[in-house]
Amino acid sequence: DPNGNMTAMLYGGSYLLDGKVEFSVYYQTAIATFDDLDSDFDQTMTLTGLGGKYYIKDSSLPFTPYVGAQYASLSADSDWLSDNNIELTGIGSSFCGGIYKQVSTTESISIYGFITFTSATINLTMKDNLGNSLEESDKSQPLSFGCALKFKNGIALVPSITQSDGDSSFNILFGYSM
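Rules and cut-offs
Residues numbered from 1 in each chain as written. Predicted model: local features only at pLDDT ≥ 70, side-chain atom pairs only at ≥ 80, totals over all residues. Heavy atoms only, no water. Buried < 20%, exposed > 50% of the residue type's maximum accessible area, 1.4 Å probe, protein only. Helix = DSSP H or I, 4+ residues; strand = E, 2+ residues; numbered from the N terminus. Pairing = 2+ DSSP bridges. Phe/Tyr/Trp six-rings, centres within 6.5 Å; stacked < 30°, edge-to-face > 60°. Patch = residues over 30% accessible without salt bridge, like charges linked within 9 Å, V, L, I, M, F, W, Y side chains within 5 Å. Areas by Shrake-Rupley, 256 points an atom, 1.4 Å probe, with all protein chains shown as cover. Salt bridge = Lys/Arg side-chain N within 4 Å of Asp/Glu carboxyl O. Lys, Arg positive; Asp, Glu negative; His and termini not counted. Charge placed at Lys NZ, Arg CZ, Asp CG, Glu CD. Core = buried A, V, L, I, M, F, W, Y, C linked by side-chain atoms within 4.5 Å. Disulfide = S-S within 2.5 Å.

1. Side note on the pairing of strand S9 (residues 155-164)
The alternating pattern of S9 places Ala156, Val158, Ser160, Thr162 and Ser164 on a buried face and Ile155, Leu157, Pro159, Ile161 and Gln163 on a face that is not buried. Direction of pairing for strand S8 (residues 143-151) relative to S9: antiparallel, over a ladder of six bridges. Pairing of Gly146 across the sheet is with Ser160, part of S9. Counting the residues between successive antiparallel strands, the hairpin from S8 to S9 contains three residues, one of them, Gly154, with a positive phi of roughly 100°. Where S9 meets strand S10 (residues 167-176), 10 bridges bridge the pair, whose relative direction is antiparallel. Bridge pairing in S10 places Ser160 opposite Asn171.

2. Digging into the packing of aromatic side chains
All chains considered together, the criterion is met by four aromatic pairs. Ring centres of Tyr55 and Tyr66 lie 5.6 Å apart, and the angle between their planes is 50°; this geometry places the pair in the tilted category. Of the two residues, Tyr55 sits in strand S3 (residues 43-55) while Tyr66 sits in strand S4 (residues 64-77), which places them 11 residues apart along the sequence. The class of Tyr66 is buried, set by a relative accessible area of 5%. In textbook terms, an aromatic cluster arises when at least three aromatic residues are bridged by ring pairs, as seen for Tyr55, Tyr66, Tyr100 and Tyr112.

3. Some thoughts on a negative patch on the surface
On the surface, a cluster of negative charge is made up of Glu136, Asp138, Asp165 and Asp167. Counting through the fold element by element, Asp138 comes out in strand S7 (residues 133-140).

4. Topic: the nonpolar core
Tyr26, Ala30, Ala32, Met45, Leu47, Ala72, Leu74, Ala76, Leu81, Ile86 and Leu88 form the largest nonpolar core, which has 11 residues in total. Where this core is concerned, the elements lending two or more residues are strand S2 (21-34), S3, S4 and strand S5 (86-105).

5. Regarding the state of the cysteines
One pass over the structure, following the stated rule, counts zero disulfides. Cys96 forms no disulfide, and the closest cysteine sulfur to it belongs to Cys147, at a distance of 18 Å. According to the relative accessible area criterion, Cys96 is buried, its value standing at 18%.

6. Looking at the pairing of strand S6 (residues 109-128)
Alignment of S5 against S6, held across 19 bridges, turns out to be antiparallel. Within S6, the position partnered with Thr105 by the bridge is Ser110. Direction of pairing for S6 relative to S8: antiparallel, over a ladder of nine bridges. Residue Ile111 lies in a different strand from S8, and its bridge partner there is Leu149. Between S6 and S7, which pair antiparallel and follow one another directly, the connecting turn spans four residues, one of which, Gly131, has a positive phi of 95°.

Dropping the structure here:
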């Protein structure tokens with residue numbers, strides 16, 4: 001966005017059961033700054049969630065399809081919200097589907113290509129100390145594609161591009177596989 005920035009850090013872990021079912025938990029912090037507004041409006045958001053995916057292993061297909069779902073809770077804080085005794089919280093859910101394929105492998109690295117389509121809904125609630133509240137719902141359908149670089153030492157690097165509601169973002173996920 002030309003009028004601001006958002007920087008996010010995601011911390012989490014997942015467990016893959018029998019190569020087919022993945023369970024995940026995560027915690028994300030994001031800081032949004034707005035160039036055209038006073039810094040009182042800059043926000044810090046936290047998100048805590050859990051999710052899962054099911055990988056459809058079928059050797060007759062040239063790729064591996066998967067489906068998944070996530071659920072998360074959100075809260076936001078800023079000087080403006082605090083000064084006005086306003087609480088901003090939310091609940092989000094999403095369903096996704098996609099495919100991935102191993103495109104190259106050597107002794108030191110495996111490379112996978114992927115594409116994921118997601119349908120997400122977030123319900124936000126803003127409450128003040130007088131009992132007034134305002135609720136807002138938003139839906140989005142992001143499309144992501146990228147590659148996963150999995151090194152033999154367990155380190156994984158996943159660059160991707162996401163397109164959602166006319167905006168694009170570049171993401172890098174860093175992980176370690178045990």
